[in-house]
Amino acid sequence: MLLQFLAESVLLSVIGGGLGVLAGLLASVIIAVTTHWPIPVSIPAVGRRIPVLGGRGDLLRLLPGAEGLATDPIEALRFE
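Source: prediction; values computed, not measured. (Residues numbered from 1 in each chain as written. Predicted model: local features only at pLDDT ≥ 70, side-chain atom pairs only at ≥ 80, totals over all residues. Heavy atoms only, no water.)

A.B. asks: Account for the confidence of the model for the chain, naming residues and giving values.
C.D. replies: The share of residues in the chain with pLDDT of 70 or more is 90%, and the mean pLDDT across the chain is 80. Mean pLDDT across the elements of the chain ranges from a minimum in helix α2 (residues 43-70), with 75, to a maximum in helix α1 (residues 2-35), with 84. (pLDDT = per-residue confidence, 0-100. Helix = DSSP H or I, 4+ residues; strand = E, 2+ residues; numbered from the N terminus.)

A.B. asks: Just give me the short version of a nonpolar patch on the surface, but keep the residues and values in it.
C.D. replies: There is a patch of nonpolar side chains on the surface, built from Ile-31, Trp-37, Ile-39, Val-41 and Ile-43 and spanning about 480 Å² of accessible area. Relative to the elements of secondary structure, Ile-31 occurs in helix α1. (Patch = residues over 30% accessible without salt bridge, like charges linked within 9 Å, V, L, I, M, F, W, Y side chains within 5 Å. Areas by Shrake-Rupley, 256 points an atom, 1.4 Å probe, with all protein chains shown as cover. Salt bridge = Lys/Arg side-chain N within 4 Å of Asp/Glu carboxyl O.)

A.B. asks: Go over the environment of Trp-37, please, and point to the residues and values.
C.D. replies: Position of Trp-37 relative to the elements: it lies in the loop between α1 and α2. Note on Trp-37: relative accessible area 56%, which makes it exposed. In sequence terms Trp-37 and Val-14 are 23 residues apart; their C-alpha atoms lie 30 Å from each other. (Buried < 20%, exposed > 50% of the residue type's maximum accessible area, 1.4 Å probe, protein only.)

Right, dumping it as structure tokens:
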């Protein structure tokens, strides 16, 4: 079950990060076209960002997921 939390966190982080990268690239293109300024975008730097996003998703969601698995469902609902 912990593997499911891990896979889910990596997938969500990579999808969200990918959408953020696309939004940044789109904003760069719009600014470059409207202002006629050259805005260089380093594709290797963008490519290196994706594994970092997956690792961040692991770290930020692993501990809450492990705590959730360790908690008894009856105890967790008692405080709702």
